Amino acid sequence: MSINLARRSLFRRKDQDNVVRLPWLKADLDFTDKCTRCGDCSKACPEQIIIVGDGGFPEIDFSVSECNFCKECVNHCKEDLFDLTQAQAWDNKAAISISCLNNESVYCRSCAESCESEALKFNFTSTTFVSPDVVLDDCNGCGACVSVCPVNAIAVKLNR
Ligand code: SF4
Ligand code: SF4
Ligand code: SF4
């Protein structure tokens, strides 16, 4: 295998992990084959959440801010990567880990308070210390809940 092919297959593996790419990418797009790494999307993003990731390819970093779905990244990209006719910008959803403070009996609702879609629900039973459930149909993967979590218990990633 050539070095280029080996690098591409490495990036593809990474793509299949938890890297969040840009919104409205075409379905079944081989992103690392088509993106020229020009950085135009990153410069255009008002939230500054598009960072230079592995191999120089853009990826989303929700630890900085959220996606407001403004489409500036799409509008500034010169390549044929996007399909704005798709009903959803992406299939990313929030996932809550075991590190949620409520699991340590510390009251916290920060993520739910930041979620405009009201996709984070608390299922109260015998205790007030419950970690949130993600209502997947309501979560648009905006990432607003990520940076507000004091213990980094939330990841937004492809929902498979
Ligand atoms: S849609 Fe707007 S906020 Fe979201 S990644 Fe693109 S430029 Fe940034
Ligand atoms: S990613 Fe956005 S819509 Fe989904 S739970 Fe977090 S704040 Fe709510
Ligand atoms: S912000 Fe973090 S610690 Fe607080 S309830 Fe949400 S997941 Fe738990």
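For clarity, every value in this text was computed on a predicted model and none was experimentally measured.

*Asks:* Whenever I open this one, the nonpolar core confuses me. Can you help?
*Replies:* The nonpolar side chains of a soluble globular protein tend to be buried with one another. Counting 34 residues, the largest nonpolar core has Leu22, Ile50, Ile60, Phe62 and Phe82 as its most contacted members. Those elements that provide at least two residues to this core are α4 (72-76) and β6 (154-158). Inspection of this core shows a minimum of three residues originating in each of domain 1 (3-76) and domain 2 (93-160). When residues no more than four places from it in sequence are discounted, the contact partners of Leu22 are Phe31, Cys41, Ile50, Ile60, Phe82 and Trp90.

*Asks:* What's the story with the site of ligand 3 in this structure? I'm lost.
*Replies:* Within the structure, ligand 3 sits among Ile96, Cys100, Leu101, Asn102, Cys108, Ser110, Cys111, Pro132, Cys149, Pro150, Val151 and Ile154. Residues belonging to the shell around ligand 3 are distributed by class as follows: 10 nonpolar, two polar and no charged.

*Asks:* So what exactly am I meant to see when it comes to the site of ligand 1 here?
*Replies:* Close to ligand 1 lie 14 residues, the nearest being Cys45, Cys67, Cys70, Lys71 and Cys73. Class assignment of the residues belonging to the shell around ligand 1 gives a composition of 10 nonpolar, one polar and three charged.

*Asks:* In this structure, what is going on with the side chain of Arg109? I would like to understand it.
*Replies:* With respect to the secondary-structure elements, Arg109 resides in the loop between β3 (92-96) and α5 (110-114). Buried within the structure, Arg109 lacks any salt-bridge partner; its nearest side chain of opposite charge belongs to Glu113, at an N-O separation of 7.0 Å. Polar side-chain contacts of Arg109 include one of 2.7 Å to the backbone oxygen of Thr128. Ignoring anything within four residues of it in the chain, the contact list for Arg109 reads Asn102, Phe122, Phe124, Thr128 and Val130.

*Asks:* Which parts of the structure should I look at to understand the packing of aromatic side chains?
*Replies:* Two numbers describe a pair of aromatic rings. These are the distance of the centres and the angle of the planes. Here the structure, examined in full by the defined rule, presents four aromatic pairs. Centre to centre, the rings of Trp24 and Phe69 are 6.0 Å apart; their planes meet at 85°, and the pair counts as edge-to-face. Here Trp24 is found in the loop between α1 (3-15) and α2 (31-34), whereas its partner Phe69 is found in the loop between β2 (58-60) and α4, with 45 residues between them in sequence. The class for Phe69 is partly exposed, based on a relative accessible area of 23%. Taken together, the aromatic side chains of Trp24, Phe62, Phe69 and Trp90 make up a single cluster linked through ring pairs. In this structure, Arg109 is placed above the aromatic ring of Phe122, and the distance from its NZ or CZ to the ring centre is 4.1 Å.

Definitions and limits used
Residues numbered from 1 in each chain as written. Chains lettered and ligands numbered in written order. Predicted model: local features only at pLDDT ≥ 70, side-chain atom pairs only at ≥ 80, totals over all residues. Heavy atoms only, no water. Core = buried A, V, L, I, M, F, W, Y, C linked by side-chain atoms within 4.5 Å. Buried < 20%, exposed > 50% of the residue type's maximum accessible area, 1.4 Å probe, protein only. Helix = DSSP H or I, 4+ residues; strand = E, 2+ residues; numbered from the N terminus. Domains from an automatic or database assignment. Contact = heavy atoms within 4.5 Å. Near = heavy atom within 4 Å. Nonpolar A, V, L, I, M, F, W, Y, C, P; charged D, E, K, R; others polar. Lys, Arg positive; Asp, Glu negative; His and termini not counted. Salt bridge = Lys/Arg side-chain N within 4 Å of Asp/Glu carboxyl O. Polar contact = N/O pair within 3.5 Å; in protein donor to acceptor, adjacent residues only side chain to side chain. Phe/Tyr/Trp six-rings, centres within 6.5 Å; stacked < 30°, edge-to-face > 60°. Lys NZ or Arg CZ within 6 Å of the ring centre and 35° of its normal.

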